[in-house]
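Secondary and tertiary structure notes
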Amino acid sequence: MQSIWNGVKESDHRLSLDKDIKRDIVIVGGGISGLLMGYRLMQSGREATLIEANTLYSGVTHNTTAHLDAMQGYVYSDLIKTSPQKAKLYFQSQLDAIEEYQKIIDTYKIDCDFKRLDSFMFTINDMKKLEEEYNALKEIGADVELVKEKMLNIDIQGAIKLKNQAQFHPIKFLEKLPKEYEIIENTRVLKVDTKNKILYTQKAEIHANIIIIATGFPIIDIPGFYFLKMYKSSSYSIAFKGAKLDAVYQSDLENGLTYRGYDDYVIMGGLDHRTGRLNHKDKFNRLREKAELSFGKELEYTHTWTANDCITADGVPYAGQYSKSRKDIYVMTGYNKWGMTNSMASSKVICDLITQKPNKFIDLFSPQRKKTNPAHCVVNLLSTVKNLVFKPVSFPDRNVDALKPGEGDIVLYEGRKKAVYRDLDNRLYVVEPLCSHLKCQLKFNSETKTWDCPCHGSRFDIYGKIVVSPTTKNLKVHNGKE
Ligand code: FES
């Protein structure tokens, strides 16, 4: 399983950290958020150090479908209910982000397949909802059209068209994005002393004046409490040859399928679910079925991969001060599946906060903003309680012998509860069944062969190694090693 963006990374591997250091600004996370942050600080004349647990953009950034689109599901009809101004600002922040990509790409002549094109969002069965979104977009001044023609060989009820959106190759872009600042790779931040601004890694400490957490799901639990304000969503993507697209599409079908072209390929993504709660199996096959409905049977499937996104209550990211009580710690997270535009917008907000420049999006993106949905927090809390309190003390109803080849489950293994995967050659991979973040019980994802946490979305491979944060620790394996 690998993303279509694999294979173009050339940049040198940087050294890991083996002695204590003191730095002005430290960015934690070497995905697109961290790198845009480093770039902006560099442009503003501030010295930053970026620290990445693995290698640059090897995590979530690699798994994006890289749409640069201000039309984002039904976000505007939701936002406009509480504040038309907020809806308008959010739309503007997304358009500005696309412009900013174009500006950087033009300035540095970055060859990253950046292309402007039209975007369509269609429905097959809920025209009322689509019209509501269209009206909201109109009200905030978006230049949108309502169209009814058949698209992607699907009989739609209607679609909203927004011109001049974009797509690109994220890794080619990041490879050439200037990085004249310090970068440390293969060094995981295990803990942060937020009062004294000390980052602890396996071998050394970093003392900082300012810390920016750009790890996807934030790795600091308290203060901030992002694990109550957000949840993680998993989605699935495929790429194939045999069809072409010259626009980007999204549907309200099956939790939002997206379609885009790249070179000789079409990329389709979607079928989302809350991480750790795989609702239906065969996600990739279902995507292939959808692809064949639109593009016929003669397709050559080349790539499959999964992505993880942080979802906020109001559809707007959190970018700004980590918590009211921690002045020099910042966070950028909660991109709600629109990571490319929102990482650009968030990096600008934080850079302007640090350099004390005005920015009209600061309040909109503020993690301390008033509008948080209490129901969203309660649902997250209940989910945590259920998986944290009840599941860990429950007893597995299956023994390891019942596991079929290719299957993983929480079972009884040598008289104890363990997370066990049996491979196709009948080898067993045995790890601890509780997440190393806050000890929720893990669930096996048969599509990705990972152990996923239903509480805050950490994911681990069958060897217990971290695939996705917020956890900072691998799972203990059966023989006691991590
Ligand atoms: Fe928080 Fe697993 S990610 S308990």
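Located above this text is the structure these notes cover.
Every chain is numbered on its own, with residues counted from 1 as its sequence reads. The predicted origin of the model limits local features to residues at a pLDDT of at least 70 and limits the giving and counting of side-chain atom pairs to 80 or more, whereas totals for whole chains, interfaces and linings rest on all residues. Side-chain numbers here rest on the full set of heavy atoms in the structure, without hydrogens or water.

1. Thoughts on the pairing of strand S1 (residues 21-28)
Two strands make a pair as long as DSSP finds a minimum of two bridges between them. Secondary structure is summarised from DSSP: a helix means a run of H or I of at least four residues, a strand means a run of E of at least two, and numbering begins at the N terminus for each. Pairing of S1 with strand S10 (residues 205-213) involves seven bridges; the strand directions are parallel. Residue Val 28 lies in a different strand from S10, and its bridge partner there is Ile 213. Across four bridges, S1 lies against strand S2 (residues 48-51) in parallel orientation. Among the inter-strand pairings, Ile 25 is bridged to a residue of S2, identified as Ala 48. Following the chain from S1 across helix H1 (residues 32-43) to the adjacent parallel S2, one finds a crossover that is right-handed. Consider the strands pointing away from the viewer: the crossover is right-handed when the path from the first strand over the helix to the second runs clockwise.

2. Looking at the packing of helix H2 (residues 75-82) against helix H4 (residues 127-139)
The convention used is that axes are lines fitted to C-alpha atoms, helices contributing only their stretch in contact, and that angles between N-to-C directions extend from 0 to 180 degrees. For the pair H2 and H4, interaxial distance at closest approach is 8 Å and the crossing angle is 60°. Viewed along their axes, H2 and H4 adopt a mutual orientation that is oblique. As H2 runs across H4, the sense of the crossing is left-handed. Contacts from Val 75, Tyr 76, Ser 77, Ile 80 and Lys 81 of H2 reach H4 at Glu 132, Glu 133, Ala 136, Leu 137 and Glu 139. Under this grouping Gly is polar, as are all residues other than the nonpolar Ala, Val, Leu, Ile, Met, Phe, Trp, Tyr, Cys and Pro and the charged Asp, Glu, Lys and Arg. In terms of residue class, the contact of H2 with H4 is built from five nonpolar, one polar and four charged. Should an angle lie under 35 degrees it is considered roughly parallel, over 145 roughly antiparallel, and from 65 to 115 roughly perpendicular; all remaining angles are considered oblique. Note on convention: the crossing is left-handed when the near helix lies turned anticlockwise from the far helix by less than a right angle, right-handed when the turn is clockwise. Residue contacts follow a heavy-atom distance rule, with two residues in contact if any of their heavy atoms lie within 4.5 Å.

3. Here we look at the sheet that holds strand S18 (residues 408-413)
Spatially, three strands are ordered S18-S19-S20 in an open sheet, and the strand pairing comes out antiparallel. The two strands at the open ends of the sheet, each matched to only one other strand, are S18 and strand S20 (428-431). Across the sheet, the mean angle from the axis of one strand to that of its neighbour is 40°, orientation sign disregarded. Inspection of the sheet shows strand S19 (residues 416-422) paired to S20 by four bridges, in the antiparallel sense.

4. Some remarks on the pattern of salt bridges
Criterion for a salt bridge: a side-chain nitrogen of Lys or Arg within 4 Å of a carboxyl oxygen of Asp or Glu. A full pass over the atoms with the stated rule returns 23 salt bridges. Among the ionic pairs, Asp 78 bridges to Lys 81, the shortest N-O distance being 3.5 Å. Separated by three residues within a single helix, Asp 78 and Lys 81 lie in helix H2, roughly one turn from each other. Judged by its relative accessible area of 47%, Asp 78 falls in the partly exposed class. With a shortest N-O distance of 2.9 Å, Asp 314 and Lys 86 are connected by a salt bridge. You can see Asp 314 sitting in the loop between strand S15 (300-312) and strand S16 (318-323) and its partner Lys 86 sitting in helix H3 (residues 84-107), a full 228 residues away along the chain. For the pair Asp 314 and Lys 86, one class covers both residues: buried. Each member of the salt-bridge network shares a partner with another, and the members are Arg 40, Glu 100 and Lys 103. Think of it in three bands: with a 1.4 Å probe and only protein chains considered, a residue is buried below 20% of the maximum accessible area for its type, exposed above 50%, and partly exposed in between.

5. What to know about the environment of Ile 213
With respect to the element layout, Ile 213 can be found in strand S10. Taking the relative accessible area as the measure of exposure, Ile 213 reaches 1% and is therefore buried. What Ile 213 contacts, discounting residues up to four positions off in sequence, is Val 28, Pro 218, Ile 219, Ile 220, Tyr 322, Tyr 330, Val 331 and Met 332.

6. Brief notes about H4
How far a helix is expected to stretch is found by multiplying one less than its residue total by 1.5 Å. Under the 1.5 Å per step criterion, the end-to-end length of H4 is 18 Å for 13 residues, consistent within 8% with the ideal 18 Å. Met 127, Leu 130, Glu 133, Tyr 134, Ala 136 and Leu 137 are the residues of H4 that are buried. Here the buried face of H4 lies against H2, H3, strand S4 (115-123), strand S5 (144-147) and strand S6 (158-167). The first or second residue beyond H4 is Gly 141, which carries a positive phi of 90°.

7. Remarks on the sheet that holds strand S23 (residues 459-460)
With antiparallel pairing, the four strands of this open sheet are ordered in space as S21-S22-S23-S24. Of all strands in the sheet, those with a lone pairing partner are strand S21 (443-445) and strand S24 (466-468), marking the two edges. Examined bridge by bridge, S21 and strand S22 (residues 450-452) share three bridges and lie antiparallel to one another. Each bridged residue has a counterpart across the sheet, and for Asn 445 the counterpart in S22 is Thr 450.

8. Quick word on the packing of aromatic side chains
Only Phe, Tyr and Trp rings take part, Trp by its six-membered ring, and two of them pair if their centres are within 6.5 Å. Stacked means planes under 30 degrees apart, edge-to-face means over 60, and tilted covers everything else. Taken as a whole, this structure holds 21 aromatic pairs when the rule is applied. Between Phe 120 and Tyr 249 the ring centres are 5.4 Å apart and the planes differ by 15°, which places this aromatic pair in the stacked class. A residue pair is termed long-range when its members are at least 10 positions apart, and Phe 120 in strand S4 and Tyr 249 in strand S12 (residues 248-251) qualify at 129 residues. The burial state of Phe 120 is the same as that of Tyr 249; both residues are buried. Through successive ring pairs, a cluster of aromatic residues spans Tyr 421, Tyr 429, Phe 444, Trp 451 and Tyr 463. Sitting over a ring, as applied to charges here, requires NZ of Lys or CZ of Arg to be within 6 Å of the ring centre and within 35 degrees of the ring normal. A cation over a ring is seen here: Lys 229 above Tyr 318, with NZ or CZ 5.4 Å from the ring centre. One residue, Arg 288, lies across the ring of Tyr 301, its end atom 5.5 Å from the ring centre.

9. Re the nonpolar core
Nine residue types can take part in a nonpolar core, namely buried Ala, Val, Leu, Ile, Met, Phe, Trp, Tyr and Cys, and a core is a set of them joined through side-chain atoms within 4.5 Å. Counting residues in each nonpolar core, the largest one holds 79 residues, and the members touching the most others are Tyr 76, Tyr 101, Phe 173 and Ile 212. A per-element tally of this core places H3 first, with nine residues. Every residue in contact with Tyr 76, bar those within four places of it in the chain, is listed here: Ala 70, Met 71, Ala 87, Tyr 90, Phe 91, Gln 94, Glu 133, Ala 136, Leu 137 and Ile 140.

10. Description of the state of the cysteines
The definition used for a disulfide is geometric: two cysteine sulfur atoms within 2.5 Å. Under the definition given, this model contains one disulfide. Between the sulfur atoms of Cys 440 and its disulfide mate Cys 455 the distance is 1.9 Å. On the sign convention where negative is left-handed, the bridge of Cys 440 and Cys 455, at about -80° about the S-S bond, is left-handed. With Cys 440 in the loop between S20 and S21 and Cys 455 in the loop between S22 and S23, this pair connects stretches of sequence that are 15 residues apart.

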